[in-house]
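Read off the chains here:
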Amino acid sequence: MNKPEANILGIIYIGGGSSWIEGTDETEVAFDCAKMCKMDWKHLFKFKRKHKFAVNIFDISKLGIKGWHATFDGVFNHATNEKIPHKKTIWVIV
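Residues numbered from 1 in each chain as written. Predicted model: local features only at pLDDT ≥ 70, side-chain atom pairs only at ≥ 80, totals over all residues. Heavy atoms only, no water.

With that settled, the discussion passes to the overall build of the chain. Looking only at helices and strands, the chain has one helix and six strands in total. Along its sequence from the N terminus, the chain presents helices and strands in the succession β-β-α-β-β-β-β. Counting only C-alpha atoms, the chain reaches 40 × 35 × 20 Å along its principal axes. Expressed as a percentage of the 94 residues in the chain, the buried residues total 36%. Taking as baseline every contact in the chain between residues at least 6 positions apart, the subset at least 24 positions apart corresponds to 52%. (Helix = DSSP H or I, 4+ residues; strand = E, 2+ residues; numbered from the N terminus. Buried < 20%, exposed > 50% of the residue type's maximum accessible area, 1.4 Å probe, protein only. Contact = heavy atoms within 4.5 Å.)

The next thing to look at is unusual backbone geometry. Positive phi is not limited to glycine here, since N81 has a value of about 65°. Relative to the helices and strands, N81 resides in the loop between strand 5 (74-77) and strand 6 (86-93).

The subject of this paragraph is the pattern of salt bridges. With the rule as written, the count across this model stands at two salt bridges. As a salt-bridge pair, K87 and E26 come within 2.7 Å of each other at their nearest N and O atoms. Of this pair, K87 sits in strand 6 while E26 sits in helix 1 (residues 26-41), and the two are 61 residues apart along the sequence. Residue class for K87 comes out partly exposed when judged on its relative accessible area of 44%. Overall, the relative accessible area of 16% leaves E26 in the buried class. Each of E26, K87 and K88 takes part in salt bridges that share partners, so that together they form one network. (Salt bridge = Lys/Arg side-chain N within 4 Å of Asp/Glu carboxyl O.)

A few words on the sheet that holds strand 2 (residues 17-23). Reading across the sheet, the four strands line up as 2-1-3-6 and stay open at both edges, with antiparallel pairing between neighbours. Edge strands, defined here as strands with exactly one partner in the open sheet, are strand 2 and strand 6. Looking at each pair of strands side by side, their axes are set apart by 30° on average, direction ignored. Across the sheet, helix 1 touches strand 1 (8-14), strand 2, strand 3 (52-59) and strand 6, and the angle it forms with strand 2 is around 145°. (Pairing = 2+ DSSP bridges. Axes fitted to C-alpha atoms, helices over the stretch in contact; angles between N-to-C directions.)

So, in C-alpha cells, the structure goes:
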C-alpha cells in the first residue's frame, strides 16, 4: 500500500528554532507536531503536562520535489523562494 504524499505542513516556532511535521490530515499533523515539539525542546523548556501549543498550518501540496524551507520570517517554496501563505493556526493540548 502506497503512503499518500504529504500536502499539509504543521510548524511550531519556539525559541531559536522550530518543530515541524508533514502529513495529509490537519488535525493529525497538529497533534503530532505538538508532541514532536515537546520531545525536541524538553531539554530547554519546561512544558506543563497538558501544554497548549499553537500549530501553524501551511498547504504544501503544490511545492513539488524541491520542497520548502522555514526562517523566522515564515515558510518558503525552496525552488522559487516565494513565501507560502499561512493557512490557519490550530491550538492543541498535549
